[in-house]
Amino acid sequence: MVRIFFVSIVCLSFFAANAQTSIAPFELQDAEIRMDFIHHFSQPTPVRHWEISDTVDAWKRWELVENYSFGKDRGSIPMIADLQSLHPYFRDKVIELIRICRSKGIELAIVETYRTATKQNEYRSMGRRYTRVRAGFSNHQYGLAVDIVPVIKSVPQWHNIRLWKKLGPIGERLGLRWGGRWGRFFDPGHFEWTAGVGTYHLVQGKFPIIPKAALYPCLAEDLKELQRHWRAWEMEQAAVARKEFTRTTVKHPATKLANGGNE
Ligand SMILES: [Zn+2]
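For clarity, every value in this text was computed on a predicted model and none was experimentally measured. (Residues numbered from 1 in each chain as written. Predicted model: local features only at pLDDT ≥ 70, side-chain atom pairs only at ≥ 80, totals over all residues. Heavy atoms only, no water.)

Peer 1: Explain the coordination of the zinc ion to me, and be specific about the residues and the numbers.
Peer 2: Around the zinc ion, the protein supplies His-140 (NE2), Asp-147 (OD) and His-190 (ND1) as donor atoms, at distances of 2.0 to 2.1 Å. Within one chain, the residues donating to the zinc ion are spaced in sequence as H-x6-D-x42-H. Taken together, the residues Asp-147 in strand β4 (residues 145–152) and His-190 in strand β7 (residues 190–192) connect sequence positions 43 residues apart. Under the relative-accessibility criterion, Asp-147 is labelled buried at 6%. Since its relative accessible area comes to 5%, His-190 is described here as buried. (Donors = N, O, S within 2.8 Å, 3.2 Å for Na, K, Ca; no water. Helix = DSSP H or I, 4+ residues; strand = E, 2+ residues; numbered from the N terminus. Buried < 20%, exposed > 50% of the residue type's maximum accessible area, 1.4 Å probe, protein only.)

Peer 1: Any chance you could break down the packing of helix α3 (residues 88–103) against helix α5 (residues 161–173) for me, citing the residues and the numbers?
Peer 2: Relative to each other, α3 and α5 sit at 135°, their axes nearing to 10 Å. Between α3 and α5, the angle is such that the two are oblique. The two elements α3 and α5 cross, and the hand of that crossing is right-handed. For the pair α3 and α5, contact is made by Leu-97, Ile-100 and Cys-101 and by Leu-167, Ile-170 and Gly-171, respectively. (Axes fitted to C-alpha atoms, helices over the stretch in contact; angles between N-to-C directions. Parallel < 35°, antiparallel > 145°, perpendicular 65-115°, else oblique. Left-handed = near helix turned anticlockwise from the far one by under 90°. Contact = heavy atoms within 4.5 Å.)

Peer 1: Account for a positive patch on the surface, with residues named and values stated.
Peer 2: Residues Arg-124, Arg-128, Arg-132, Arg-134 and Arg-184 make up a contiguous surface patch of positive charge. Among the secondary structure elements, Arg-128 is positioned in the loop between α4 (117–125) and β4. (Patch = residues over 30% accessible without salt bridge, like charges linked within 9 Å, V, L, I, M, F, W, Y side chains within 5 Å. Areas by Shrake-Rupley, 256 points an atom, 1.4 Å probe, with all protein chains shown as cover. Salt bridge = Lys/Arg side-chain N within 4 Å of Asp/Glu carboxyl O. Lys, Arg positive; Asp, Glu negative; His and termini not counted. Charge placed at Lys NZ, Arg CZ, Asp CG, Glu CD.)

Peer 1: Talk me through the pairing of strand β3 (residues 107–112); I want residue IDs and the actual numbers.
Peer 2: If a strand is regular, its side chains alternate between the two faces of the sheet. Counted residue by residue, β3 has five buried out of six residues, so it is predominantly covered. Examined bridge by bridge, β3 and β4 share five bridges and lie antiparallel to one another. Along β4, the bridge assignment pairs Leu-108 with Pro-150. (Pairing = 2+ DSSP bridges.)

Peer 1: Residues and numbers for the pattern of salt bridges, please.
Peer 2: Applying the stated criterion across every chain, the model contains 11 salt bridges. Across the salt bridge formed by Arg-74 and Glu-112, the nearest N and O atoms sit 3.5 Å from each other. Separated by 38 residues along the polypeptide, Arg-74 in the loop between β1 (64–65) and β2 (79–80) and Glu-112 in strand β3 bring together distant segments of the chain. Using a relative accessible area of 0% as the deciding quantity, one classes Glu-112 as buried.

Peer 1: Explain unusual backbone geometry residue by residue, including any values.
Peer 2: Note on backbone geometry: most residues besides glycine have negative phi, and most peptide bonds are trans. Even without a glycine there, the phi angle at Lys-153 is positive, about 50°. If you trace the backbone, Lys-153 turns up in the loop between β4 and β5 (155–156).

Peer 1: With reference to specific residues and values, describe the environment of Val-151.
Peer 2: Its place among the elements puts Val-151 in strand β4. Exposure remark for Val-151: the relative accessible area of 8% places this residue in the buried category. As a C-alpha pair, Val-151 and Phe-70 span 81 residues in sequence and 9.3 Å in three-dimensional space.

What follows is the structure, encoded as structure tokens:
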């Protein structure tokens, strides 16, 4: 991930040297501000070690959160809660959402950003209260969705309708789709952006076309790097899930029998 940033900087420098326009220096500065913001925002704040030389293993340092950190049972597979794991354009929108909310006195905590197919399947197995969609069909699997929760003095405000009603429209004004509008599956902590691109195309590896693409000159490269990291996480969590499955079925052999063997 660090490499993404590094490559971005390199690309921006290249553009600065070659482009006719003068937007590149501004962009470089802008990128620094963004990074600075990522460094300083987090709940809780982890110590991060950004190393320029790091390429292959950057995903291992993505921030995770405990599944009980926010007062809700979210299964046994770790949740990835790192803004760096998101699509760069969407990530910047989320940062903007956090910044605006903070300026209005609302502190947000990141609950989950990118989600592996394995984790999605775990939610599915936990019932419809968690999710209705199977692996590959949630925008979290493409770095295009985030789950957040407002916090007051470190206490998550899941049931604070007044706060949700304030922050939902802020996200919508940024062009995000807000789960607080979903009547049948009210999900006020969920924000996503796909520019209308459906799962059918996302599954095939096609990403939405971003507005102001000139601001993201290395987007294609960044997304390739991200996808590599996503795959690495997928393998990691699939291995965790297999171990967990073995442990629970050995411990409770009846579980396997009760569930039958069809699915
Ligand atoms: Zn979500």
